[in-house]
Amino acid sequence: MSAPTTVVWFRRDLRVADHPALRAAVDAGPTVCLFVIDTTLLRRRHHHAPPRLRFLRAGLEALDGELRARGSRLVVREGAPSRVVPAVAEEAGATRVVVTREVSPFGRRRDDRVRRALERDRVEMVEFGGDLVVEPEDLTGTSGAGYLVFTPFSRVWRDAPLPEHVPAPREIPGPELPSEGLDRLPSGDPPLEAGPAAARRRIVEFIRDGDADGYPDHRDVPAEDRTSHLSAYLRFGMCTGAQVGRALGLPGRLTAGREAFWRQICWREFYHHHLARHPEVARVSLKPTLRGIEWDDDAADLAAWAEGSTGFPIVDAGMRQLASTGWIHNRARMIVASFLVKDLLVDWRRGETVFMQGLVDGDPANNNGGWQWTAGTGTDAAPYFRVLNPLRQAARFDPDGEYVRRFVPELRDVPTSRIHEPWRMTAEEQRGAGCRIGSDYPAPRVDHKERRELMLERYRRSREAAG
Ligand code: FAD
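Residues numbered from 1 in each chain as written. Predicted model: local features only at pLDDT ≥ 70, side-chain atom pairs only at ≥ 80, totals over all residues. Heavy atoms only, no water.

Brief notes about the overall build of the protein chain
A tally of helices and strands in the protein chain yields 20 helices and 5 strands. Taking the principal axes of the C-alpha coordinates as reference, the protein chain spans close to 85 × 50 × 45 Å. Counting all 467 residues of the protein chain, 55% fall into the buried class. Within the protein chain, contacts between residues at least 6 apart in sequence are counted, and of these 79% link residues at least 24 apart. Counting only carbon and sulfur atoms, one obtains 48% of the accessible surface of the protein chain, whose full area is about 20300 Å². Distance from the positive charge centre (69 side chains) to the negative charge centre (67 side chains) of the protein chain: 2 Å. (Helix = DSSP H or I, 4+ residues; strand = E, 2+ residues; numbered from the N terminus. Buried < 20%, exposed > 50% of the residue type's maximum accessible area, 1.4 Å probe, protein only. Contact = heavy atoms within 4.5 Å. Areas by Shrake-Rupley, 256 points an atom, 1.4 Å probe, with all protein chains shown as cover. Lys, Arg positive; Asp, Glu negative; His and termini not counted. Charge placed at Lys NZ, Arg CZ, Asp CG, Glu CD.)

Structure (structure tokens):
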């Protein structure tokens, strides 16, 4: 009797190597590779994200190429997964569907629904790891409830063994099923080249060019742009943390620079574990005492922030980098997020949505973690009263204004001494720079010191009301 067919349902794991679910399917017998364009997911506001969807589409084309080189193809279907996955399993005569485990609450609920639907047809759904270096159930902490603080998490995470390399299958035999194609996803050039081969090149270049070794010296300078740009590849599983670790030289000893970079992968894992254990943070602040903050939520403030016209050059540069490239440097993410929440008093969840819609790497765990950390409502020892001063941040991390000039061209000829506070230019300086404040570039929208006091008061009130 021939072996029963397995369906590999790809989601955020668009690769063929280091893919335990695919490997298990192929080792067991005939395999069908499926991707479902989830129409419910596409309707959710966090997924109105053209740059990310273009990257996804290109990534699916690349995955299809990898599968075809192995005698298979990607079967693409559209609709609700709880209907589509069982239908494909039936068409394929499959007894098993395998997936890579996801941590987002949406993904968990969807997978529960699909599992129940498959059970009715006596098809088993099996989850594999592969996205994370360490699975949440393997890092429980002494309380058994995981970790809320990064440093102790990072210590045990760093000591955990790296998953063994899982080679890509040489051939993927299986029945041929029709595919509906990718037309539902936006076409056009993605913000960066997609697919596992592009991810691999990016890792190799980052290490070869010395950026991994020099990471601590350059990581905070947005104008230098010398971080890895691996986030979108990790987001869609075009590469994995374990692959990055091996390329860096793990399990051996790392240089200090590489170790600092590896720590960033640990932040990713920390936020993924956190979301898996605390799905409620997708909707509310982790800290119950900060769930009652009175936000201004002024629509004009939010719009000015989102389009990069707050009058604070470093903030505007960050938001314009997002609009023009689909990505923002991490230091700029921290500055713009802090400004929205603590200077404009806009609910962090609104900023979270703007980021999800604009970022090629928009990721439920990392984005939520980053926003709640900045707002002081989430994990770790980021006290709410620590407010980033946009002017000091700008002076420190963009001292010559190179980043600002790149993304805010109307400030290009502003003298360096005024680049982060152009409103201080005299009328003559404004004429010389070809930039009149109030018409060519906005006056600052708020007074940072005043807003800081107001924000502290609002946070204090929320804490008091919570008792
Ligand atoms: P590198 O500095 O080269 O880091 C390597 C990898 O480590 C990244 O690709 C990422 O996977 C991980 N990483 C680095 N910093 C962090 C961090 N602070 N938290 C979690 N993982 C990290 N990252 C996303 O991938 N998606 C998001 O939607 C996202 N939203 C964010 C929102 C806010 C408000 C903040 C402050 C940070 C956010 N980050 C997010 C984290 C970080 O800014 C990006 O991962 C990083 O800038 C991506 O660029 P890179 O790949 O060159 O990073």
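A look at the site of the ligand
Close to the ligand lie 28 residues, the nearest being Tyr215, Thr227, Ser228, His229 and Asn330. Contacts to the ligand include Tyr215, whose side-chain N or O atom sits 2.5 Å from an oxygen atom. The side chain of Asn330 places a nitrogen or oxygen atom 2.7 Å from an oxygen atom of the ligand. Listed by contribution, the elements that provide at least two residues to the shell around the ligand are helix H9 (231-235), helix H11 (256-277), helix H14 (330-343) and helix H16 (364-375). The greatest single-element share of the shell around the ligand, amounting to 6 residues, is contributed by H11. Its residues assigned to classes, the shell around the ligand shows 14 nonpolar, 10 polar and 4 charged. When residues of the shell around the ligand are assigned to domains, at least three fall in each of domain 2 (196-277) and domain 3 (288-465). (Near = heavy atom within 4 Å. Polar contact = N/O pair within 3.5 Å; in protein donor to acceptor, adjacent residues only side chain to side chain. Nonpolar A, V, L, I, M, F, W, Y, C, P; charged D, E, K, R; others polar. Domains from an automatic or database assignment.)

Describing helix H15 (residues 348-358)
Of all 11 residues making up H15, 8 are buried, and the element is well covered by its neighbours. Every buried residue of H15 is listed here: Trp348, Gly351, Glu352, Thr353, Val354, Phe355, Met356 and Gly358.

Considerations on the sheet that holds strand S2 (residues 31-38)
Spatially, 5 strands are ordered S3-S2-S1-S4-S5 in an open sheet, and the strand pairing comes out parallel. Looking at strand neighbours, the two that pair on one side only are strand S3 (74-79) and strand S5 (124-128), the edges of this open sheet. The sheet shows a mean angle of 30° between the axes of neighbouring strands, taken without regard to direction. Across 5 bridges, the pairing between strand S1 (residues 5-10) and S2 is parallel. Bridge pairing in S2 places Trp9 opposite Leu34. Along the sheet, helix H5 (residues 105-120) contacts S1, S2, strand S4 (94-100) and S5; its crossing angle with S5, the most-contacted strand, is approximately 150°. (Pairing = 2+ DSSP bridges. Axes fitted to C-alpha atoms, helices over the stretch in contact; angles between N-to-C directions.)

A closer look at the pattern of salt bridges
One pass over the full model with this rule turns up 39 salt bridges. Close ionic contact of Arg115 with Asp112 constitutes a salt bridge, the shortest N to O distance being 3.1 Å. Taken as a pair, Arg115 and Asp112 lie in helix H5 at a separation of 3 residues, close to a single helical turn. In this structure, Arg333 and Asp361 form a salt bridge, with 2.8 Å as the shortest nitrogen-oxygen distance. Of the two residues, Arg333 is situated in helix H14 and Asp361 in the loop between H15 and H16; the sequence distance between them amounts to 28 residues. Neither Arg333 nor Asp361 differs from the other in exposure class; each is buried. Through salt bridges with shared partners, a single ionic network connects Arg101, Arg108, Asp112, Arg115, Glu127, Glu135 and Glu137. (Salt bridge = Lys/Arg side-chain N within 4 Å of Asp/Glu carboxyl O.)

Structural notes on the packing of aromatic side chains
Inspection of the entire model under this criterion finds 22 aromatic pairs. Here Phe55 and Phe236 contribute two aromatic rings whose centre-to-centre distance is 5.9 Å and whose plane-to-plane angle is 45°, an arrangement assigned as tilted. Of this pair, Phe55 sits in helix H3 (residues 50-68) while Phe236 sits in the loop between H9 and helix H10 (241-248); the two residues are 181 residues apart in sequence, bridging distant segments of the chain. Look at Phe236 and you get buried, because its relative accessible area is 5%. Grouping aromatic residues by their ring pairs yields a cluster made of Tyr147, Phe150, Phe153, Trp267, Phe270 and Tyr271. The ring of Phe397 has Arg331 sitting right over it, with the charged end atom 4.1 Å from the ring centre. The ring of Trp348 has Arg349 lying over it, and the distance from NZ or CZ to the ring centre is 5.5 Å. (Phe/Tyr/Trp six-rings, centres within 6.5 Å; stacked < 30°, edge-to-face > 60°. Lys NZ or Arg CZ within 6 Å of the ring centre and 35° of its normal.)

A short note on the nonpolar core
Phe10, Phe55, Leu74, Trp157 and Tyr233 are the most contacted members of the largest nonpolar core, which totals 66 residues. It is H11 that provides the largest number of residues to this core, a total of 8 residues. For Phe55, the residues in contact, after removing those within four places along its chain, are Pro190, Pro191, Leu192, Glu193, Ala194, Ala232, Tyr233, Phe236, Met238 and Val360. Within the second largest apolar cluster, 47 residues are counted, among which are Trp348, Tyr403, Leu411 and Val446. (Core = buried A, V, L, I, M, F, W, Y, C linked by side-chain atoms within 4.5 Å.)

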